Amino acid sequence: MSRERLYLYDTTLRDGQQTPGVDFSVEDKIAVARMLDEFGLDYVEGGYPGANPTDTEFFGRRQTAAAKFVAFGMTKRVGISASNDPGLAALLQSKADAVCFVAKSSEYQVRVALGCTAEENLEAIRASVEAVRRAGKEAMVDCEHFFDGFKENPGYTLACAKAAYEAGARWVVLCDTNGGTQPSEVRAIVKQVIEAGIPGENLGIHAHDDTGQAVANSLAAVEAGVRQVQGTLNGIGERCGNANLVTVMPTLVLKPAYAERFETGISAERLTGLSRLSRAFDELLNRAPAAQSPYVGQSAFATKAGIHASALAKEPATYEHVPPEAVGNRRRVMVSDQGGKANFLAELARRGIDVPKSDSRLDELIAVVKEREASGYAYEGADASFELLARKVLHGLPEFFGVSGFRCMVERRFDANGQLKTVSEAVVRIEVDGEQKMSVAEGHGPVNALDIALRKDLGRYQDEIADLELADYKVRILNGGTGAITRVLIESFDGTGARWWTVGVSDNIIDASFQALMDSIVYKLMKNREMAGLTAAE
Ligand SMILES: CC(=O)SCCNC(=O)CCNC(=O)[C@H](O)C(C)(C)COP(=O)(O)OP(=O)(O)OC[C@H]1O[C@@H](n2cnc3c(N)ncnc32)[C@H](O)[C@@H]1OP(=O)(O)O
Ligand SMILES: CC(=O)C(=O)O
């Protein structure tokens, strides 16, 4: 059975640019356009040439090889001809293959926001589309406020869409600009538009996520007949964002309800790069990926629950809607107080630790983890601390060095120039190979001073930790008031590119930090030995 073609249109670089806190440079835009082009998107909307110097420069050359490169802008202004409109000229002169106009399609919006007559707006739509066609570019029209306009005055809203279609727009895109429309309304209205004479193969959907329905609305529109879906990477966009293409794409490719009827430019092979694409984009935005993102989040295929882990070990399909590898993600079976033997066995096996299910030491490890979690530890996010604890309970852990005590001091004082300054100092007493050492260090804060002092002189282990660095430090107060407990999580990395998390818990933040720092160093020493195939004593 032949499948119908669905077109994917990305507006990350235009609507995404309207996200609070997002501001792309020209270099960012070039990088994102390349990622989208290589991934197989059909259209990449690059921005609004003429609106700002970044977009004008970006449109100075064509930025995609396979995808159509699209310039966005408003229809010509009322009162001037298309040929005399400088905004329209910037769109036509850009190196874009296609121009997407935003056109008002709500009688109320035309009256209030544009301040022109309904007929003048229709004429602006026709004249703008015709100008783009004369320039030899593909024309499309984003019908702004389409669904709200349709509910208020369907006749006029349809007239706007028809004006665009009859003037030769390849795509007439129905926009849920304020994001309040529900899937059942989208489905019903799209059907009426098609019945009114605009074929589904010329219709698109542009949905905003203000009620968390942007993806559902896009899919409802596809089911009702539209053949172009607009959206953004990771769902960025104005206010609550746009339809998340990182969710839409795998749904269209992997879910039989769509995959059996439609074909997109995204092959199953390319889809395996989806998690990488999503994370690379977050990296470019300098923000942490959302762990619970559908398909690509770190938690998308993670389970803490013992009952789930036990079934997953027998057959992954028991608790996975698609295989994680299909989107380049991975299964994570986590250890915590919600887990049973299956969680622990899976995590231990992943870490190369073999232990039979019937071994009583496994029960002991589970009991210790559950007990420690009850007192504030969280091992699901502290992989290295879990491994140290597991090795200690199952096989014993070597004591590379001992710490007989530490002291931390924070002092606010005037320096030699009479400036008030806060200084932090730490002293750590360590025993290595029977030798007592005392290290003193100053730092930006007490934890930094403690870290420097702890890693200053570890005797024969000192060279081994030279490439150890701390990447992140998180503190959480677990219960308020005088009985508060502090949990510290520390992320470390080394020259091999490995990264690991350790945890410390105490009613004292410095003490909690010290435990996490100690675990990080011990983990590094243990990892070095494993990589070199050495025993702990070597
Ligand atoms: C739903 C959406 O996301 S649409 C995309 C919105 N994106 C943006 O606005 C980002 C880029 N925009 C800009 O940089 C600026 O708005 C510019 C450069 C385009 C225009 O700037 P200015 O000329 O200073 O106008 P300003 O932004 O104050 O107001 C927009 C004008 O466009 C008019 N307008 C709005 N939509 C349309 C349209 N579809 N067709 C014609 N004119 C329109 C408005 O009526 C208003 O005109 P007025 O000043 O005569 O009242
Ligand atoms: C065009 C657009 O971004 C909107 O209507 O939401």
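Below, the structure is looked at part by part. (Residues numbered from 1 in each chain as written. Chains lettered and ligands numbered in written order. Predicted model: local features only at pLDDT ≥ 70, side-chain atom pairs only at ≥ 80, totals over all residues. Heavy atoms only, no water.)

1. A look at unusual backbone geometry
Here is the rule: Here a strand is any run of E in DSSP of at least two residues, a helix any run of H or I of at least four, and the numbering for each starts at the N terminus.
Positive phi outside glycine occurs at Asn234, with the angle close to 55°. With respect to the helices and strands, Asn234 occurs in the loop between strand E9 (228–231) and helix H10 (245–254). Here the phi dihedral of Tyr295 falls at roughly 65°; this positive angle occurs in a residue that is not glycine.

2. Quick look at the site of ligand 2
Basically, it comes down to this: The rule for a residue being near a molecule or strand is that one of its heavy atoms must lie within 4 Å of it. Nitrogen and oxygen atoms within 3.5 Å of one another constitute a polar contact, given that in protein one can donate a hydrogen and the other can accept it, and given that sequence-neighbouring residues count only through two side-chain atoms. Methods summary: accessible areas were calculated by the Shrake-Rupley approach with a probe of 1.4 Å, and residue burial reflects only the protein chains presented.
Around ligand 2 sit Arg14, Asp15, Asp142, Glu144, Cys175, Thr177, His206 and His208, and that is every residue in its neighbourhood. Side-chain polar atom of Arg14 to an oxygen atom of ligand 2: 2.9 Å apart, as the coordinates give it. Thr177 has a polar side-chain atom sitting 2.7 Å from an oxygen atom of ligand 2. Within the complex, 94% of the 210 Å² of free accessible area of ligand 2 lies under protein.

3. Quick look at the packing of helix H16 (residues 360–374) against helix H17 (residues 383–394)
Our working rule: Helix axes are fitted to C-alpha atoms over the stretch in contact, other axes to C-alpha atoms as well, and angles between N-to-C directions run from 0 to 180 degrees. Relative orientations are named as follows: roughly parallel for angles under 35 degrees, roughly antiparallel for angles over 145 degrees, roughly perpendicular for angles from 65 to 115 degrees, and oblique for any other angle. Helix crossings are classified by the rotation of the near helix relative to the far one: an anticlockwise turn of less than a right angle makes the crossing left-handed, while a clockwise turn makes it right-handed. Note on contacts: a residue pair is in contact if any heavy atoms of the two residues lie within 4.5 Å. The residue classification treats Ala, Val, Leu, Ile, Met, Phe, Trp, Tyr, Cys and Pro as nonpolar and Asp, Glu, Lys and Arg as charged. All others, Gly included, are polar.
Between H16 and H17, the least distance of the axes is 9 Å, while the angle of their chain directions is 140°. Taken together, the axes of H16 and H17 lie oblique to each other. For the pair H16 and H17, the sense of crossing is right-handed. For the pair H16 and H17, the contacting residues are Arg361, Leu362, Glu364, Leu365, Val368, Val369 and Arg372 in the first and Phe386, Leu389, Ala390, Val393 and Leu394 in the second. Here the residues of the contact of H16 with H17 sort into nine nonpolar, no polar and three charged.

4. A closer look at the site of ligand 1
Close contacts around ligand 1 come from 16 residues, with Gln18, Met74, Thr75, Arg77 and Val102 the closest. Contacts to ligand 1 include Arg77, whose side-chain N or O atom sits 2.9 Å from an oxygen atom. A distance of 2.8 Å separates a nitrogen atom of ligand 1 from a polar atom in the backbone of Val102. For ligand 1, whose free accessible area comes to 1000 Å², the fraction covered by protein is 54%. Every element with two or more residues in the shell around ligand 1 is listed here: strand E4 (68–74), strand E5 (98–104) and helix H4 (107–114). No other element matches the three residues that E5 contributes to the shell around ligand 1.

5. A few points about the sheet that holds E4
Note the following rule: When DSSP finds two or more bridges between two strands, those strands count as paired.
Taken together, the eight strands give a closed barrel; going around it, the order is E2-E3-E4-E5-E6-E7-E8-E9, and neighbouring strands pair in parallel fashion. Taken over all neighbouring pairs, the strand axes of this sheet differ in orientation by 25° on average, direction set aside. Pairing analysis gives four bridges linking strand E3 (residues 43–47) to E4, with the strands arranged parallel. Each residue of the ladder has a partner; that of Gly47, found in E4, is Ala71. Packing of helix H3 (residues 86–93) onto the sheet brings it into contact with E4 and E5, and relative to E4 it is tilted by some 180°. Helix-sheet contacts for helix H9 (residues 214–224) involve strand E7 (171–176), strand E8 (203–207) and E9, and the interaxial angle to E8 is about 170°.

Read these as layout, nothing more, since geometry by itself doesn't imply function.
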